[in-house]
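Spelled out, the chains give:
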Amino acid sequence: MTSTPSLTSALDFSGKLCLVTGGSRGIGAGIARRFAEAGASVVVSYFRGETAAQEVVARIRAAGGQAQAIQADVTRPADVDRMIMQTVEQHGRLDVLVNNAGIYPVSGLLEVSDAEWEQVLAANLTGTHFCTQRAARAMVELSGKREGNQSSGSIVNISSIEGTSTGLAHSHYSAAKAGVEHYTRSAALELSMHGVRVNAVAPGLIDRPGLAEAWPEGVRSWQERVPLARLGTDEDIADACIFLASPLARWITGATLTVDGGIQVVPAF
Ligand code: NDP
């Protein structure tokens, strides 16, 4: 029988190590800050944004949390190997991986170049696999060394509502995120025997500085239709990740949690 944790202890990540890819800005930075607030040591993984990643780390430390930045291009297996190795060497554990890194350029299906198609699939889907595989190997190996030999770990993949619906000029992105959601189920199946849970979060439109100016028609259309009457925030997504990574979700694996203010339940008529 599994014991039921108290609500307070379930949301306390003290002593845990959480690795967030794409943690240098946007949603990933919000996820990193929130896990740190919950007590976790956080590895803020970044690609090109070293200064931004160091700012996220500094903000977490200033608030009394623990964080460090590690560079890695998630599309390069050698980078991912190094990121996981550095994390394990320096912290001696890996409890939570959030596969948040992603790109979403806009290109019509008739115009998208072969190179851009490959990049979008690589950053959103293949990178999720490279990080999941390497992190899961580490989680299994580390837990084998612990007393009782009981494996544990949690992986949360950031998808998008476009993984099930569509987005204009986003055929590559929608296909990649649909892949992320199905990969989540496959990984959940294969890793369950090792005690590693794998789930996904599918965000709706998340606010960021300059979004309303850059895409006024998109933001207006969203606000007119979304049942919960606003754009999302980084913290809305971070809290879903915290829940899925926590023991509160101990019997949940292979699920995709939509966090979109209800846009997907808007009726056609
Ligand atoms: P941002 O564009 O603000 O940030 C993207 C992050 O991903 C950056 O930290 C960037 O690193 C990192 N990244 C990009 N490519 C790579 C790579 N090859 N290797 C490693 N890291 C990489 O994105 P958002 O915060 O908007 O989105 C985060 C996630 O949420 C994505 O997966 C996105 O698809 C998803 N999403 C976003 C929504 C939104 O409304 N914003 C809605 C639905 C889903 P760096 O800056 O260091 O180069």
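That block above? That's the structure.
All values reported here derive from a predicted model rather than from experimental measurement. (Residues numbered from 1 in each chain as written. Predicted model: local features only at pLDDT ≥ 70, side-chain atom pairs only at ≥ 80, totals over all residues. Heavy atoms only, no water.)

Q: Whenever I open this one, the overall build of the protein chain confuses me. Can you help?
A: Helix and strand content of the protein chain: 9 helices and 7 strands. For the protein chain, the C-alpha radius of gyration of 18 Å lies close to 18 Å, the compact-globule estimate for 269 residues. Dimensions of the protein chain, computed from the C-alpha atoms along their principal axes, are close to 55 × 40 × 40 Å. Looking at the protein chain residue by residue over its 269 residues, the buried ones come to 47%. When contacts within the protein chain are restricted to residue pairs at least 6 apart in sequence, long-range pairs at least 24 apart make up 72% of them. (Helix = DSSP H or I, 4+ residues; strand = E, 2+ residues; numbered from the N terminus. Rg over C-alpha atoms; globule rule 2.2 N^0.38 Å. Buried < 20%, exposed > 50% of the residue type's maximum accessible area, 1.4 Å probe, protein only. Contact = heavy atoms within 4.5 Å.)

Q: Hey, could you run me through the site of the ligand in this one?
A: The ligand sits among 29 residues. The nearest are Ser24, Arg25, Gly49, Tyr104 and Tyr173. Between the ligand and the protein, one listed contact pairs a nitrogen atom with a side-chain N or O atom of aspartate 73 at 2.9 Å. One nitrogen or oxygen atom from the side chain of tyrosine 173 is found 2.5 Å from an oxygen atom belonging to the ligand. Burial of the ligand by the protein amounts to 91% of the accessible area it has alone, namely 900 Å². For the shell around the ligand, the residue count by class is 13 nonpolar, 11 polar and 5 charged. (Near = heavy atom within 4 Å. Polar contact = N/O pair within 3.5 Å; in protein donor to acceptor, adjacent residues only side chain to side chain. Areas by Shrake-Rupley, 256 points an atom, 1.4 Å probe, with all protein chains shown as cover. Nonpolar A, V, L, I, M, F, W, Y, C, P; charged D, E, K, R; others polar.)

Q: Please clarify how the pattern of salt bridges should be interpreted in this entry.
A: A pair can form between side chains of opposite charge whenever their charged atoms are brought close. As enumerated under the stated definition, the model contains 8 salt bridges in all. With a closest N to O distance of 3.5 Å, aspartate 79 and arginine 76 form a salt bridge. Judged by its relative accessible area of 10%, aspartate 79 is buried. Judged by relative accessible area, which is 47%, arginine 76 ranks as partly exposed. One continuous salt-bridge network, built from bridges that share partners, spans Arg34, Glu37 and Asp239. (Salt bridge = Lys/Arg side-chain N within 4 Å of Asp/Glu carboxyl O.)

Q: I keep staring at the packing of helix α5 (residues 114-145) against helix α6 (residues 171-192) and nothing clicks. Help me out?
A: The packing of two helices is summarised by the inter-axis angle and the distance between the axes. Two elements in contact, α5 and α6, have axes whose closest approach is 9 Å; the angle formed by their N-to-C orientations is 15 degrees. With respect to their mutual orientation, α5 and α6 come out roughly parallel. Between α5 and α6 lies a crossing of right-handed hand. Packed against α5, whose contacting residues are Glu116, Trp117, Val120, Leu121, Asn124, Leu125, Thr128, His129, Thr132, Gln133 and Ala136, the element α6 presents Ser171, His172, Tyr173, Ala175, Ala176, Lys177, Gly179, Val180, Tyr183, Ala187 and Leu191 at the interface. Across the contact of α5 with α6, the residue classes tally to 12 nonpolar, 8 polar and 2 charged. (Axes fitted to C-alpha atoms, helices over the stretch in contact; angles between N-to-C directions. Parallel < 35°, antiparallel > 145°, perpendicular 65-115°, else oblique. Left-handed = near helix turned anticlockwise from the far one by under 90°.)

Q: Any chance you could explain the nonpolar core here in plain terms?
A: Generally speaking, a soluble globular protein has its nonpolar side chains buried in company with each other. In this structure, Ile31, Phe35, Val42, Val98 and Cys241 are the most contacted members of the largest nonpolar core, which totals 33 residues. Of all elements in the fold, only β1 (17-20), α2 (26-37), β2 (41-46), α3 (50-62), β3 (66-71), β4 (96-99), β5 (153-158) and α9 (234-245) reach the threshold of two or more residues within this core. At 7 residues, the largest contribution of residues to this core is made by α9. If we ignore the near neighbours within four places in the chain, the residues touching valine 98 are Cys18, Leu19, Val20, Thr21, Ile31, Phe35, Val156, Ile158 and Cys241. (Core = buried A, V, L, I, M, F, W, Y, C linked by side-chain atoms within 4.5 Å.)

Q: Please clarify how the sheet that holds β5 should be interpreted in this entry.
A: Two pairing modes exist for strands in a sheet, parallel and antiparallel, and in both the strands are linked by backbone hydrogen bonds. Here 7 strands make up an open sheet; going across it, the order is β3-β2-β1-β4-β5-β6-β7 and the pairing parallel. Strands with a single pairing partner mark the edges of an open sheet, and in this sheet they are β3 and β7 (256-259). Sheet twist, expressed as the average angle between the axes of neighbouring strands with direction ignored, equals 20 degrees. Direction of pairing for β2 relative to β3: parallel, over a ladder of 6 bridges. From the neighbouring strand, serine 45 faces β3, where its bridge partner is isoleucine 70. Most of the contacts of α5 go to β4, to which it runs at about 175 degrees, and overall it touches β4, β5 and β6 (196-203). (Pairing = 2+ DSSP bridges.)

Q: Please clarify how unusual backbone geometry should be interpreted in this entry.
A: Among all residues save glycine, negative phi is the norm, and among peptide bonds the norm is trans. We note that alanine 169 has phi near 60 degrees; this positive angle belongs to a residue other than glycine. Looking at where alanine 169 falls in the secondary structure, it is placed in the loop between β5 and α6. Note on alanine 169: relative accessible area 24%, which makes it partly exposed. Its identity is not glycine, yet alanine 229 carries a phi of approximately 60 degrees, on the positive side.

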